[in-house]
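# An overview of the molecular structure
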Amino acid sequence: MAGELDVHEANLRGAAHLYLGSQASAPLAQPQRLFAIPSCRLEVRYACVSQGGFRPEDPTRGCQDSLVVAEGAGGDDEALLVGVFDGHGECGAQCAAFAKRRLLPALAHAAAGSPADAAGSLAAALGALNAELHASDELDSSLSGAEAACVLLRGRELTVSNIGDVRVLLGRAPADGCADGGAAGAPPALDAVVLSSSHTPWRADERARLRAAGAEVASCDQKDGLVPLGDGAWEEAAARQSARPSEVDPPRVWARGADAPGCAFSRSLGDALGETVGVCAEPDSHALTLRPGDGALLIGSAGLFAFLSHERAMLAVARAAGPAEAARALVAEAGEAWLRHEPRVADLTAFVAFFEWLPDASAPIAAPPLPPPPSAGAYPRLRLSLIHI
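This write-up is about the structure you can find in this document. (Residues numbered from 1 in each chain as written. Predicted model: local features only at pLDDT ≥ 70, side-chain atom pairs only at ≥ 80, totals over all residues. Heavy atoms only, no water.)

## Focus on the packing of aromatic side chains
The geometry of an aromatic ring pair comes down to the distance between the two centres and the angle between the two planes. Taken as a whole and assessed by the stated rule, the structure comprises two aromatic pairs. Taking the centre distance of 5.5 Å and the plane angle of 35° together, the rings of Tyr46 and Phe351 count as tilted. Placement of the pair is Tyr46 in strand β2 (residues 42-51) and Phe351 in strand β15 (residues 348-357), with a sequence separation of 305 residues. Here Tyr46 matches Phe351 in class, with each residue buried. Relative to Trp338, the ring of Phe307 has its centre 5.0 Å away and its plane inclined at 90°; by these criteria the two rings are edge-to-face. Of the two residues, Phe307 sits in the loop between β14 (294-300) and α8 (310-319) while Trp338 sits in helix α9 (residues 323-341), which places them 31 residues apart along the sequence. Classification of Phe307 by relative accessible area gives buried; the value is 9%. (Phe/Tyr/Trp six-rings, centres within 6.5 Å; stacked < 30°, edge-to-face > 60°. Helix = DSSP H or I, 4+ residues; strand = E, 2+ residues; numbered from the N terminus. Buried < 20%, exposed > 50% of the residue type's maximum accessible area, 1.4 Å probe, protein only.)

The following block contains the structure:
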């Protein structure tokens, strides 16, 4: 056992040296930007960082995450749209980039008939993206795809729609109003409110749904016959809230009698083979009205939370002097955590927004009028500022 631990630690040290010396360790960053919502007396300062991971067997592989931010989405000057896509598989980077490029026109088309239904429009747009991925001649999505989270802020109304394990957290001031002395300009201590659903086979309801569709749900060791079949280890780990890659061999999705697709997620864009056994692109959506005391928003790729709890991530946000510092700190801490546990690092992306409520923001505010719906298939109009990573 001691020898195995020595080898594991040596692998971790070697991976850390290679990762820190590779181009992957140089993150792509969007400097802080300010987006104002005058009708709500709300200012949103946001920034994002995306950093490629490291795999010893493929050290030159690029980052498979993509991110798009659209100010003025849908022709509404007070609308901010964010999409984070976490690619996987041989063509994962292309799938994520494809979804990033097509999100805005897909949303414009979906919203044409019912502009007030943000959740329905986001869900329809993600469904359209999935269909477009399958029909595309640009890439092969049979064993590749992307997990996704899309957030639309219109005035005070925040709508989240996600597929897979890209996560969205709202930082809300604690009910007791206590603060932990964060940096100047940062939000006070913030509770992490989870606005997304994690679509993975760790969830018993997702395992049941997948098996009903004909999937075999098993870990790699179970698939190889090294350990007995059964869900006990996952249920125990979930009860301990310690479902982490280094602790338990994670459940994966397989076609019966096959060694593919081996998905560690249960919902995704693309993944045509996975769709034959229940992996789907049906999102979960959540909508709420922001209020004074809501101080920050965090959207993170799946790898960001492999070893960081929601509470630890939100603490890093609350302690930062601004969103750019918060995003850099999260990606750095997540990368270090990976290297403490694994001889590899996942791609890491963090989008962070700070909400600043101007004086009288708590006073009742009439909802701003909805913009005229665009014509079917039209691109958003009026002012539109796009940011791509």
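## Remarks on the packing of α8 against α9
At a closest axis distance of 8 Å, the pairing of α8 and α9 adopts a crossing angle of 145°. Of the two possible hands of crossing, α8 and α9 adopt the one that is right-handed. Across the interface between the two elements, Arg312, Ala313, Ala316, Val317 and Arg319 from α8 touch Glu325, Ala326, Leu330 and Glu333 from α9. Taken together, the residues that form the contact of α8 with α9 break down as five nonpolar, no polar and four charged. (Axes fitted to C-alpha atoms, helices over the stretch in contact; angles between N-to-C directions. Left-handed = near helix turned anticlockwise from the far one by under 90°. Contact = heavy atoms within 4.5 Å. Nonpolar A, V, L, I, M, F, W, Y, C, P; charged D, E, K, R; others polar.)

## Quick word on the sheet that holds strand β9 (residues 215-218)
Strand order in the open sheet formed by three strands is β9-β10-β11, with antiparallel pairing between adjacent strands. Looking at strand neighbours, the two that pair on one side only are β9 and β11 (261-263), the edges of this open sheet. Pairwise comparison of adjacent strand axes, ignoring direction, gives a mean angle of 30° for this sheet. Docked against the sheet, helix α4 (residues 204-212) engages β9 and β10 (252-255), running at close to 145° with respect to β9. (Pairing = 2+ DSSP bridges.)

## Side note on the environment of Ile299
Mapped onto the secondary structure, Ile299 falls in strand β14. Expressed as a C-alpha distance, the spacing of Ile299 and Val352, which sit 53 residues apart in the sequence, is 6.6 Å. Other than its neighbours up to four places away in sequence, Ile299 contacts Val82, Val84, Ala149, Val151, Val166, Arg167, Val168, Thr349, Ala350 and Phe351.

## A few points about empty space enclosed by the protein
A full pass over the atoms with the stated rule returns two cavities of 30 Å³ or more. Approximately 50 Å³ is the volume attributed to the second largest cavity. Residue lining of the second largest cavity: Val44, Leu80, Val82, Val151, Leu153, Leu158, Leu297, Phe351, Ala353 and Phe355, and that is the complete set. If you tally residues by element for the lining of the second largest cavity, the top one is β15, at three residues. In the lining of the second largest cavity, the residues fall into ten nonpolar, no polar and no charged. (1 Å grid on protein atoms, 1.4 Å probe; cavity = no way out; pocket = protein on both sides within 12 Å on 5 of 7 lines; lining within 4 Å. Points joined across faces, edges and corners; volume = space filled by probe spheres on them.)

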